[in-house]
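Structural features, examined
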Amino acid sequence: MAARIWTAGLVVIGDEILSGRTQDKNIAQLATWLNAQGIRLAEVRVVPDQQAAIVEAVNTLRARNDYCFTTGGIGPTHDDITVDAIAAALGVPVVVHAEARAALADYYASKGGLTEARLRMARVPEGAELIVNRMSGAPGIRWGNIFILAGVPHIAAGMLDALTGTLEGGLPVVSRTVGCWVAESEIADLLGETERAHEGVSIGSYPFFRDGRVGANFVVRATDAALVDRVIAILADGLEARGFEAVDGGI
């Protein structure tokens, strides 16, 4: 029987991402963290600061994945609408969380106090739990299988650190790479046949053009390290048999 695969979806929220003013770093950060928890990032949506778009994306991704993460839109300004949107998606009211309020009051005690704007960061969908944030005082939020994180990457990283080891998952994915100066079309049959012959293995092909030459790196992924090693050896032997040099670790 195939091992249970746990998946997560991510909703990246923010007009600044879609406009190109800000380059998202949270996708790679979350994917790496999830893999260490034995969970695969299965899909990502980037949506504007519009409630309807957030509601639709969150409800879709939480329904077809084990977990749904969001990043962005939980700050103190009027356009930070993630909490309101997710509360609408869940059909619950927004409330001020007592523990979040206390944490913010303590954090801002020597920084001008807890203003009305700062208090917005204590608002949560009713029934939510908090995710500890040691960086800025404003906590992340968990409601069921939904995890609401900050958009600032280093703050999101701290929230993920607080979640480490708390989510149910499977085995982490192991990967290795072999590279070759070859057009991927020339060895497509080798890649396809090898993947089909090894259940639980995926082989990604990543072509490039460099120094006037065409090449590709092939990444083998599975939850079984020995299986990954075996498939890498098969690919290397197959490339060599076709007259191409295989480069362990990629080019």
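Our structure's up above, just so we're on the same page.
Let me begin by describing the structure that accompanies this report.

Calculation criteria
Residues numbered from 1 in each chain as written. Predicted model: local features only at pLDDT ≥ 70, side-chain atom pairs only at ≥ 80, totals over all residues. Heavy atoms only, no water. Helix = DSSP H or I, 4+ residues; strand = E, 2+ residues; numbered from the N terminus. Buried < 20%, exposed > 50% of the residue type's maximum accessible area, 1.4 Å probe, protein only. Lys, Arg positive; Asp, Glu negative; His and termini not counted. Salt bridge = Lys/Arg side-chain N within 4 Å of Asp/Glu carboxyl O. Polar contact = N/O pair within 3.5 Å; in protein donor to acceptor, adjacent residues only side chain to side chain. Contact = heavy atoms within 4.5 Å. Pairing = 2+ DSSP bridges. Axes fitted to C-alpha atoms, helices over the stretch in contact; angles between N-to-C directions.

1. Brief notes about the side chain of Asp80
Relative to the helices and strands, Asp80 resides in the loop between β3 (67-71) and α4 (82-90). In this structure, Asp80 is buried with no salt-bridge partner, the nearest side chain bearing the opposite charge being Arg120 at 6.0 Å. A distance of 3.4 Å separates a polar atom in the side chain of Asp80 from the backbone nitrogen of Gly75. Ignoring any residue separated from it by four or fewer positions in sequence, one finds Asp80 in contact with Gly73, Ile74, Gly75 and Arg120.

2. Overview of the environment of Val174
Relative to the helices and strands, Val174 resides in strand β9 (residues 174-180). Residue Val174 is classed as partly exposed on the basis of its relative accessible area, which comes to 30%. As a C-alpha pair, Val174 and Gly250 span 76 residues in sequence and 16 Å in three-dimensional space.

3. Here's the deal with the pattern of salt bridges
Following the criterion strictly, the structure yields seven salt bridges and no others. Measuring nitrogen to oxygen at the nearest pair gives 2.7 Å for the salt bridge that ties Asp84 to Arg123. Of the two residues, Asp84 sits in helix α4 while Arg123 sits in strand β5 (residues 123-125), which places them 39 residues apart along the sequence. Between Arg242 and Asp189 there is a salt bridge; the shortest N-O distance is 3.6 Å. Of this pair, Arg242 sits in the loop between α9 (225-241) and β12 (247-248) while Asp189 sits in helix α8 (residues 188-196), and the two are 53 residues apart along the sequence. A relative accessible area of 36% means that Arg242 is categorised as partly exposed. A relative accessible area of 38% places Asp189 in the partly exposed class. Look at the salt bridges and you will find they share partners, linking Arg176, Asp229 and Asp248 into a network.

4. So, the sheet that holds strand β8 (residues 146-149)
Ordered in space as β2-β1-β3-β8-β7-β6, the six strands form an open sheet in which the pairing is mixed. Looking at strand neighbours, the two that pair on one side only are β2 (39-47) and β6 (129-131), the edges of this open sheet. Pairwise comparison of adjacent strand axes, ignoring direction, gives a mean angle of 20° for this sheet. Judged from the eight bridges that link them, strand β1 (residues 6-13) and β2 form a sheet pairing that is parallel. Across the sheet, Gly9 pairs through a bridge with Glu43, a residue of β2. Against the sheet, helix α3 (residues 51-64) contacts β1, β2, β3 and β8, and its axis sits at roughly 165° relative to β2. Across the sheet, α4 lies against β1, β3, β7 (140-143) and β8, angled at about 170° from β8, the strand it touches most.

5. Considering unusual backbone geometry
Notably, Asp211 is not glycine yet its phi reads approximately 55°, a positive angle. Following the sequence through the fold, Asp211 ends up in the loop between β10 (202-210) and β11 (213-222). On the accessibility criterion, Asp211 (70% relative accessible area) is exposed.

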